[in-house]
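Residue-level structural notes
Listed below are the residues making up each chain.
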Amino acid sequence: MVSKRAFVMGHPIAHSRSPMLHGYWLKRYGLEGSYERLDIPPQEIDAFFAGFRDAGWIGGNVTVPHKTAVIPHLDSIDDAATKMGAVNTIWWQDGKLLGGNTDAIGFLGNIDELVPGWEAGTKKAVIFGAGGATRAAAYGLQSRGLQVALCNRTLSKAQALADHFGAGVGAHKMDELGDLLADCDLLVNATSLGMIGQPPLDIDLSPLKKDAIVYDVVYVPLETQILKTARERGHRTVDGLGMLLHQAVVGFERWFKHKPDVTTELRQILIDDIRAKTPGA
Ligand SMILES: NC(=O)c1ccc[n+]([C@@H]2O[C@H](COP(=O)([O-])OP(=O)(O)OC[C@H]3O[C@@H](n4cnc5c(N)ncnc54)[C@H](OP(=O)(O)O)[C@@H]3O)[C@@H](O)[C@H]2O)c1
């Protein structure tokens, strides 16, 4: 039996691309270990954690719908997971089972890679959304000192998030959008709008400053309508695939003690998989 066993747990889990990612790195670095896909319904979480140590798990990833439900089963969680109220990575440290959230690291690692030097002159961000991806983006941008304006279909959710994050994060009504865009350096779509099967994020980009960056966390399709429009208008754009790749680096390093690279080859493997499984992507 493999001695270093990691996992991704969720329900459903068949769609997860994490096994492809971590499997690629295990093979690339010739490391002993496995990364397994676990479909765990909510009623089986207690039993899963009761048998965690005996099963020999070295840790793993947590996805929908378990990101909050796992927290009571862990000895402690890091600052990011505490602030986001969600855990996506579990590992052992000094005999304790710890949880963290690497989505903000993924969000930032992606823009750091695709737009080197982006922070110079970037002070204000507008984020669409108020769900899990927005928490990651807001936490990441707040940690880099940006002022963040949240806009969401349901204003009360954006307001609750702004209250939660505090300094430098505010909630705004959609009818303030024109003024917000005219003053922003980074626009982020963190809603599910623009995903295959969803309507596009339909906003007028004309008030946006010419040098503003447009970032979409959606990665199926790789280039959403809003990114296409932004690119055609001459904006620098960032797609969501690198966020998925970069958030995985931290977990892999914790479990297998080797910091993996986000390579062009890995990115292409995922793009090919997305295109093969999603007509129109
Ligand atoms: N690249 C990555 O690694 C990564 C990581 C995480 C998530 N994502 C992507 O990010 C997107 C959001 O994920 P999430 O976990 O944040 O989802 P979520 O928690 O369910 O939040 C969804 C957000 O989208 C908004 N929304 C949904 N349908 C809408 C509509 N028809 N009109 C206006 N707003 C709408 C919701 O607004 P209300 O509050 O009004 O409902 C909410 O703000 C998904 O596409 C997901 O695949 C990507």
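First, a word on scope: everything that follows refers to the structure included in this document.

**Side note on the sheet that holds strand E12 (residues 236-238)**
Read across the sheet, six strands follow the order E9-E8-E7-E10-E11-E12 without closing on themselves; strand pairing throughout is parallel. Lying at the two open borders of the sheet, with one neighbouring strand each, are strand E9 (169-172) and E12. Neighbour to neighbour, the strand axes of the sheet diverge by 20 degrees on average, direction disregarded. Pairing of strand E7 (residues 124-128) with strand E10 (residues 186-189), which is carried by four bridges, proceeds in the parallel orientation. When the sheet's bridge partners are listed, Phe128 is paired in E10 with Asn189.

**A closer look at the site of the ligand**
The immediate surroundings of the ligand are formed by 20 residues, with Ala133, Asn152, Arg153, Thr154 and Gly240 found nearest. Ala130 is positioned with one of its backbone polar atoms (N or O) 3.0 Å from an oxygen atom of the ligand. The separation between an oxygen atom of the ligand and a polar side-chain atom of Asn152 is 2.8 Å. Across the shell around the ligand, the residue classes break down as 10 nonpolar, eight polar and two charged.

**Thoughts on the sheet that holds strand E6 (residues 96-100)**
Sheets are built from strands paired through backbone hydrogen bonds, the pairs being either parallel or antiparallel. Strand order in this open sheet of six strands is E2-E1-E3-E5-E6-E4, and the pairing throughout is mixed. Only two strands of the sheet have a single partner each, and these edge strands are strand E2 (34-39) and strand E4 (76-77). In this sheet, E2 lies alongside strand E1 (residues 5-10) in parallel orientation, the contact comprising six bridges. Bridge assignment links Gly10 to a residue of E2, and that residue is Asp39. Against the sheet, helix H1 (residues 18-28) touches E1, E2 and strand E3 (57-62), its axis set at about 170 degrees to E2. Taken strand by strand, helix H10 (residues 241-256) contacts E1, E2, E3 and strand E5 (89-93), and its axis lies near 170 degrees from that of E3.

Definitions and limits used
Along every chain, residues carry numbers that run from 1 in the direction the sequence is written. Totals for whole chains, interfaces and linings use all residues, but because this is a predicted model, local features are given only for residues with pLDDT of at least 70 and pairs of side-chain atoms are given and counted only at 80 or more. For the side-chain quantities, the full set of heavy atoms in the structure was used; hydrogens and water were omitted. By the convention used here, strands pair only if DSSP detects at least 2 bridges between them. Where helices and strands are cited, they refer to DSSP runs of H or I of at least four residues and of E of at least two residues respectively, numbered from the N terminus. Between N-to-C directions, angles cover 0 to 180 degrees, with each direction set by a line fitted to C-alpha atoms, over the stretch in contact for helices. Throughout, the term near means that a residue has one or more heavy atoms lying within 4 Å of the molecule or strand in question. Definition of a polar contact: a pair of N or O atoms within 3.5 Å, with one able to donate and the other able to accept a hydrogen when the atoms are protein atoms, and with sequence-neighbouring residues admitted only if both atoms are side-chain atoms. Following the grouping adopted for this structure description, the nonpolar residues are Ala, Val, Leu, Ile, Met, Phe, Trp, Tyr, Cys and Pro, the charged ones are Asp, Glu, Lys and Arg, and the polar ones are all others, Gly among them. Note on contacts: a residue pair qualifies if any of its non-hydrogen atoms lie within 4.5 Å across the two residues.

Taken by themselves, the reported measurements are silent on function.
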